[in-house]
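Secondary and tertiary structure notes
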Amino acid sequence: MNILILGGGGREHALAWAIKQNPKCDRLIVAPGNAGIAAIAEVADIDILSGATVVTFCEENSIDFVVIGPEAPLAAGVADALAGAGILAFGPSAAAARLEASKAFTKEVCDACGAPTATWARFAEAAPARAYVRAQGAPIVVKADGLAAGKGVVVAMTEAEAVAAIDEMFGGALGAAGAEVVIEEFMTGEEASFFVLCDGEAVLPIGTAQDHKRVGEGDSGPNTGGMGAYSPAPVLTDAIAAQALGEIIRPCLAEMVRRGTPYRGVLFAGLMIENDQARLVEFNCRFGDPEAQVLMLRLGAQVLDLLLATAEGRLAEAAVNWADDHALCVVMAARGYPGSYGKGSVIGGLEALPQSSREMVFHAGTASRDGKIVANGGRVLNVSARGATLAEAHARAYAMVDRIAWPEGFCRRDIGWRAL
Ligand code: AMP
Ligand code: GLY
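Residues numbered from 1 in each chain as written. Chains lettered and ligands numbered in written order. Predicted model: local features only at pLDDT ≥ 70, side-chain atom pairs only at ≥ 80, totals over all residues. Heavy atoms only, no water.

1. Notes on the packing of aromatic side chains
One pass over the full model with this rule turns up six aromatic pairs. With a centroid separation of 6.4 Å and 20 degrees between ring planes, the pair formed by Phe 90 and Phe 287 is classed as stacked. In this pair, Phe 90 sits in strand β5 (residues 88-90) while Phe 287 sits in the loop between β16 (277-284) and α11 (291-299), placing the two residues 197 residues apart along the sequence. (Phe/Tyr/Trp six-rings, centres within 6.5 Å; stacked < 30°, edge-to-face > 60°. Helix = DSSP H or I, 4+ residues; strand = E, 2+ residues; numbered from the N terminus.)

2. Side note on unusual backbone geometry
Here the bond from Ala 31 into Pro 32 is cis, since omega is 0 degrees, no more than 30 degrees from zero. In this fold, Pro 32 is placed in strand β2 (residues 28-32). Cis geometry marks the peptide bond from Ala 138 to Pro 139, where omega comes out at -5 degrees. With respect to the helices, strands and loops of the structure, Pro 139 is situated in the loop between α8 (126-136) and β7 (140-144).

3. With respect to the sheet that holds strand β6 (residues 120-123)
The strand order β6-β9-β7-β8 describes an open sheet built from four strands, whose pairing is antiparallel. Two strands close off the open sheet at either side, each with one partner strand: β6 and β8 (153-156). Geometrically, the sheet is characterised by an average inter-axis angle of 20 degrees between neighbouring strands, direction not taken into account. In this structure, β7 lies alongside strand β9 (residues 181-185), joined through five bridges in antiparallel fashion. Looking at β9, one finds that Lys 143 is bridged to Val 182. Against the sheet, helix α7 (residues 103-113) engages β6, β7, β8 and β9, with an angle of about 140 degrees to β6. Along the sheet, α8 contacts β6, β7 and β9; its crossing angle with β6, the most-contacted strand, is approximately 160 degrees. (Pairing = 2+ DSSP bridges. Axes fitted to C-alpha atoms, helices over the stretch in contact; angles between N-to-C directions. Contact = heavy atoms within 4.5 Å.)

4. Some details on helix α10 (residues 238-258)
For α10, with 21 residues, the first-to-last C-alpha span of 28 Å sits near the 30 Å given by 1.5 Å per residue. The largest bend along α10 measures about 45 degrees and falls at Leu 245. Along α10, the residues that are buried comprise Ile 240, Ala 241, Gln 243, Ala 244, Leu 245, Ile 248, Ile 249, Pro 251, Cys 252, Leu 253, Glu 255 and Met 256. If you follow the buried residues of α10, they end up packed against α6 (98-101), α7, β10 (190-199), β11 (203-211), β15 (264-274) and β16. Gly 260 sits one or two positions beyond α10 and adopts a positive phi of about 80 degrees. (Expected span 1.5 Å × (residues − 1). Bend = angle between axes of the 7 residues up to and from the residue. Buried < 20%, exposed > 50% of the residue type's maximum accessible area, 1.4 Å probe, protein only.)

5. Observations regarding the site of ligand 2
What surrounds ligand 2 is the set Asp 211, Gly 225, Phe 268, Asn 284, Arg 286, Gly 288, Asp 289, Pro 290 and Glu 291. Asp 211 has a polar side-chain atom sitting 3.1 Å from a nitrogen atom of ligand 2. Within the contact set of ligand 2, a nitrogen atom lies 2.9 Å away from a side-chain nitrogen or oxygen of Glu 291. When isolated, ligand 2 has an accessible area of 200 Å², and the protein chains bury 88% of it. (Near = heavy atom within 4 Å. Polar contact = N/O pair within 3.5 Å; in protein donor to acceptor, adjacent residues only side chain to side chain. Areas by Shrake-Rupley, 256 points an atom, 1.4 Å probe, with all protein chains shown as cover.)

6. Here we look at the side chain of Gln 293
Along the polypeptide, Gln 293 turns up in helix α11. Beyond its immediate stretch of four places on either side in the chain, Gln 293 contacts Gly 10, Arg 11, Ala 14, Gly 288, Cys 329, Phe 362, Asn 382 and Ser 384.

7. Points about the environment of Phe 194
You can see Phe 194 is positioned in strand β10. Judged by relative accessible area, Phe 194 falls into the buried class, the value being 3%. Considering only alpha carbons, one finds Phe 194 and Gly 207, 13 residues apart in sequence, at a separation of 6.3 Å.

8. Here we look at the site of ligand 1
Around ligand 1, a shell composed of 15 residues is seen, among which Glu 184, Glu 185, Met 187, Glu 191 and Glu 282 lie nearest. In the model, a nitrogen atom of ligand 1 is placed 2.9 Å from a nitrogen or oxygen of the Glu 185 main chain. Lys 213 is positioned with one of its side-chain polar atoms (N or O) 3.2 Å from an oxygen atom of ligand 1. Contributing elements (two or more residues each) for the shell around ligand 1: β7, β8, β9 and β16. Residues of the shell around ligand 1, tallied by class, amount to eight nonpolar, no polar and seven charged. (Nonpolar A, V, L, I, M, F, W, Y, C, P; charged D, E, K, R; others polar.)

9. Points about the packing of α8 against helix α9 (residues 159-170)
Packing of α8 against α9 brings their axes to within 10 Å, and their N-to-C directions diverge by 165 degrees. Relative to α9, the element α8 is oriented roughly antiparallel. The element α8 and its partner α9 pack so that their crossing is right-handed. Of the residues in α9, those touching α8 at Ala 126, Ala 129, Arg 130, Val 133 and Arg 134 are Glu 159, Ala 162, Val 163, Ile 166, Asp 167 and Phe 170. A breakdown of the residues in the contact of α8 with α9 according to their chemical character gives seven nonpolar, no polar and four charged. (Parallel < 35°, antiparallel > 145°, perpendicular 65-115°, else oblique. Left-handed = near helix turned anticlockwise from the far one by under 90°.)

The structure is reproduced here in structure tokens:
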């Protein structure tokens, strides 16, 4: 079959790499892709936020199946446009993608089904939000309701920080995403991510991961999109996974059915775990980046069968074949990230690195210029490896990092430290 993947980051490189290995995959196109993706698939530069453009592209290229990687096209209704044109696609409708696109919506869904999460309140104006913060005290968490590319959450350790965040959001710093603000109880514990597929009814867990959101070692410094990840997440034990499924994931998915907007796609639940209990931090309606890189490395070619079963409503018959192994991904970023950074520096040493089912460098933000790979984003490379133990995966990944010649880049040397 001919397959189109939408997106152009490390997540989409990992998806393309796994899907390409499945014999069902004939032609593989990724839009817009990147330099690493271009080495294994065709790339196409189209407007992936326009449902009409994507549908036309699919018709012109006889695409049988579309996998939507990032949240923006989902929130923009690209899955709806494809469904309307009779084209099979993986990814939720815009109505179901509100589980990521609106924090207040997700909180309402949690309240409706009793799913454990931080206590919260929503505000459309600054004055009552400030009063609420003063009444609750700090630490407290201030969130823009809408999609803000990872910049919409402020974990405020003082009331002053919380008030500043409120003023900034209502002042328009995040555009429409900050028109409404959710203020939440600060939760303590250890965070982990749980991934399940859902075809509207059946639910299939497909793995756990932990990422490192802070830019600096020891989890210090500003937040980023993620500086590394590993799978499985040891803190997400079988017992906690069962509790999260029973108390959070299944009830929320049932509530989506009750509302007439069943969820079809991958649901990424960010959990806070404390005293052997998980509470929901947030849902995402897509694979995580870089969590997808470690999941794809562990799942391999079967991913295509799982995504097809989800899109076709056959998930009840599907199963995951797990290797009892570990995967770890180190993000290499451009110096300056998550602040301002330069583009265009040349990355050497990539050609000599192994490319196998246990060692892969996925490209996140790269381009190719005069036959060389150059940095073209903040997060640039995802150096990923598998091993029988997490320590083995860790050693393999950093051995590859050390062979990459890129003075303008950096990485954290402590990915996986909690679990190691
Ligand atoms: P989110 O975009 O909702 O995942 O938030 C980004 C990060 O902020 C999360 O991964 C947590 O580390 C932190 N965070 C969000 N909500 C809370 C909360 N209620 N309590 C503590 N930390 C939180
Ligand atoms: N790595 C976190 C995310 O993809 O949202």
